[in-house]
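Listed here are the chains, written in short residue letters.
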Amino acid sequence: MVDVAEKEMDNPTFRSDTVLSDVHLHCPSKSHLMVRLNAVGQPVFLSYFKLLWSTEDLASGKHVREITTGGEHQCRSGDELCDKDRSNVKKEGEINSEGVEALLDDDGDLEVVRRPRNASDLPAEDVLRDIVCPVILMKGKEDAFEDEEQECPCSDVVKIEHTMATPLEDVGKQVWRAAFLLADYILFKRDTFRSCSVLELGGGTGITSIIMGTAAKRVYCTDVGEDLLAMCEQNVALNKHLMESGGGEIKVKELDWLKDEFCTDPEAPYSWTEEEIADLFDHCSVIMAADVFYDDDLTDALFRTLYRITHNLRNSCTVYLALEKRLNFTLRHMDVTCEAYSHFRNTLNDLENLQDGKMKYTVEPIKLDFCQFLVYERIEQL
């Protein structure tokens, strides 16, 4: 939990009252451009996230992924990706583990190799892990943003506006790894979601709904807070070209898990119409949520909302939940624990064991051996 202080942007200091996503610390090969301040005075940044499928591939159904092996770029069909890539990774790991002796000097002491400070001094394979500090887009330097935009072809880049280092109640304004994991699964199984009607709970910046919009017929991306929903709507507009080939539609709506009813006030921004609620209940067959299980009260509220909505659906529904298991040392347990994850698992078990004579839930884990189509760190805690 960190906070970037208002000092030099290239030499940030940290405080313990806010949260910073690892995605923003290790943004691959791109600077974060601060484009504006939001309604509550928080800096809003624009980041580019590499999509390893182009819109042409999405439209044609062709499984193509760019793979870097030994400095060379190759394209392989989707059927060849996973097994070969995993075997290559395994071989590389074996080589590294056997090469420990090379790190010892003549006296047998461990020789520490320090990474260069500048990204330009790094080997190509290490550039993705280099920490990227924010770049402020100031008056008179708009051309810097335009040059950055020209370097990123729209067909294979997702552009997302987000904040950095927010209080815990505003973490939805950042981008988190579990959203990328769920987006990967959507791209890998996009035929499963083709022409579906989808609801996302806790959509945040909207990146998962945007990826789902490349395949699904309609996506209701929901969250709370006018400022967050406005940011989400802006991101949908920034990436509308990704959805044009599939004809997908994304509607940004408010859905508060702490309330029992949809917001239908026509004066309220991002409210629902009666027709949209009826469409959701009549046609929704997929519900998804990514990295929303970090607070026990919110976890309980989400599962209550999940039960209420699925109870009213006309058809059966599949729910996809993605999260990162975050480990912490606590004095109460004097051990490394993950209480938020434990509470999530217990609540999920309660839902599966629920017997009310009306609904039946089954839980099935998904193996994380599907291919990666967005550039991020897929860590084992996902």
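Definitions and cut-offs
- Residues numbered from 1 in each chain as written.
- Predicted model: local features only at pLDDT ≥ 70, side-chain atom pairs only at ≥ 80, totals over all residues.
- Heavy atoms only, no water.
- Helix = DSSP H or I, 4+ residues; strand = E, 2+ residues; numbered from the N terminus.
- Buried < 20%, exposed > 50% of the residue type's maximum accessible area, 1.4 Å probe, protein only.
- Contact = heavy atoms within 4.5 Å.
- pLDDT = per-residue confidence, 0-100.
- Expected span 1.5 Å × (residues − 1).
- Polar contact = N/O pair within 3.5 Å; in protein donor to acceptor, adjacent residues only side chain to side chain.
- Disulfide = S-S within 2.5 Å.
- Salt bridge = Lys/Arg side-chain N within 4 Å of Asp/Glu carboxyl O.
- Pairing = 2+ DSSP bridges.
- Axes fitted to C-alpha atoms, helices over the stretch in contact; angles between N-to-C directions.

### Observations regarding the overall build of the protein chain
Then, in step 1: Assigned secondary structure in the protein chain consists of twelve helices and 13 strands.
Then, in step 2: With 382 residues in all, the protein chain has 44% of them scored as buried.

### Describing unusual backbone geometry
Then, in step 1: Residues other than glycine seldom take positive phi values, yet Ser-195 does so here, at roughly 65°.
Then, in step 2: Here Ser-195 lies in the loop between α6 (190-193) and β7 (197-200).
Then, in step 3: Even without being a glycine, Asp-291 presents a positive backbone phi close to 55°.
Then, in step 4: Position of Asp-291 among the secondary structure elements: in the loop between β10 (284-290) and α11 (296-312).

### Topic: the environment of Leu-255
Then, in step 1: Structurally, the position occupied by Leu-255 is in the loop between β9 (249-254) and α10 (274-283).
Then, in step 2: Take Leu-255: its relative accessible area is 3%, and that puts it in the buried class.
Then, in step 3: With residues up to four places along the chain from it excluded, the contact list for Leu-255 reads Leu-201, Thr-222, Asp-223, Val-224, Phe-262, Thr-305 and Ile-309.

### Some details on the confidence of the model for the protein chain
Then, in step 1: Summary statistics for the protein chain give a mean pLDDT of 77 and a share of 65% for residues scoring 70 or more.
Then, in step 2: Predicted confidence is poor over residues 1-12, with pLDDT under 50, and the contacts of this stretch with residues over four places away or in other chains come to 28 contacts.
Then, in step 3: Here residues 115-120 is a poorly scored stretch, pLDDT under 50, and it has nine contacts once near neighbours within four places are set aside; other chains count.

### A closer look at α11
Then, in step 1: Its 17 residues give α11 an end-to-end C-alpha distance of 25 Å, which sits within 8% of 24 Å, the value for a rise of 1.5 Å per residue.
Then, in step 2: All of the buried residues in α11 are Thr-299, Ala-301, Leu-302, Phe-303, Thr-305, Leu-306, Arg-308, Ile-309 and Thr-310.
Then, in step 3: Packing partners of the buried residues in α11 comprise β7, α10, β10, β11 (318-322) and α12 (339-352).
Then, in step 4: If you check the start of α11, you find a side-chain oxygen 3.1 Å away from the backbone N of Asp-297, and it comes from Asp-295.

### Here's the deal with the state of the cysteines
Then, in step 1: Evaluation of the coordinates by the stated rule reveals zero disulfides.
Then, in step 2: With no disulfide partner, Cys-317 has as its closest neighbouring cysteine sulfur the one in Cys-284, 4.7 Å distant.
Then, in step 3: Overall, Cys-317 belongs to the partly exposed group, its relative accessible area being 24%.

### Quick look at the pattern of salt bridges
Then, in step 1: Scanning the model with the defined rule gives 16 salt bridges in all.
Then, in step 2: We note a salt bridge from Arg-177 to Glu-324, for which the minimum N-O separation is 3.2 Å. Of the two residues, Arg-177 sits in helix α5 (residues 177-188) while Glu-324 sits in the loop between β11 and β12 (328-330), which places them 147 residues apart along the sequence.
Then, in step 3: Since its relative accessible area comes to 8%, Arg-177 is described here as buried.
Then, in step 4: The class for Glu-324 is buried, based on a relative accessible area of 12%.
Then, in step 5: Among the ionic pairs, Arg-194 bridges to Asp-191, the shortest N-O distance being 2.8 Å.

### Some words on the sheet that holds β10
Then, in step 1: One open sheet accounts for five strands, arranged β9-β8-β7-β10-β11; its pairing is parallel. In this open sheet, the two edge strands, each paired with only one partner strand, are β9 and β11. With strand direction ignored, the average angle separating the axes of adjacent strands in the sheet is 20°.
Then, in step 2: Summarising the sheet, strand β8 (residues 218-223) and β9 pair through six bridges and their orientation is parallel. Bridging from a neighbouring strand, Cys-221 pairs with Val-252 of β9.
Then, in step 3: Set on the sheet, α5 makes contact with β10 and β11; between it and β10 the angle comes to about 145°.

### A look at the pairing of strand β1 (residues 33-37)
Then, in step 1: Where β1 lies against strand β2 (residues 43-50), four bridges are found, and the strand directions are antiparallel. Of the residues in β2, the one forming a bridge with Met-34 is Phe-45.
Then, in step 2: Joining the antiparallel neighbours β1 and β2 is a turn of five residues, in which Gly-41 adopts a positive phi near 85°.

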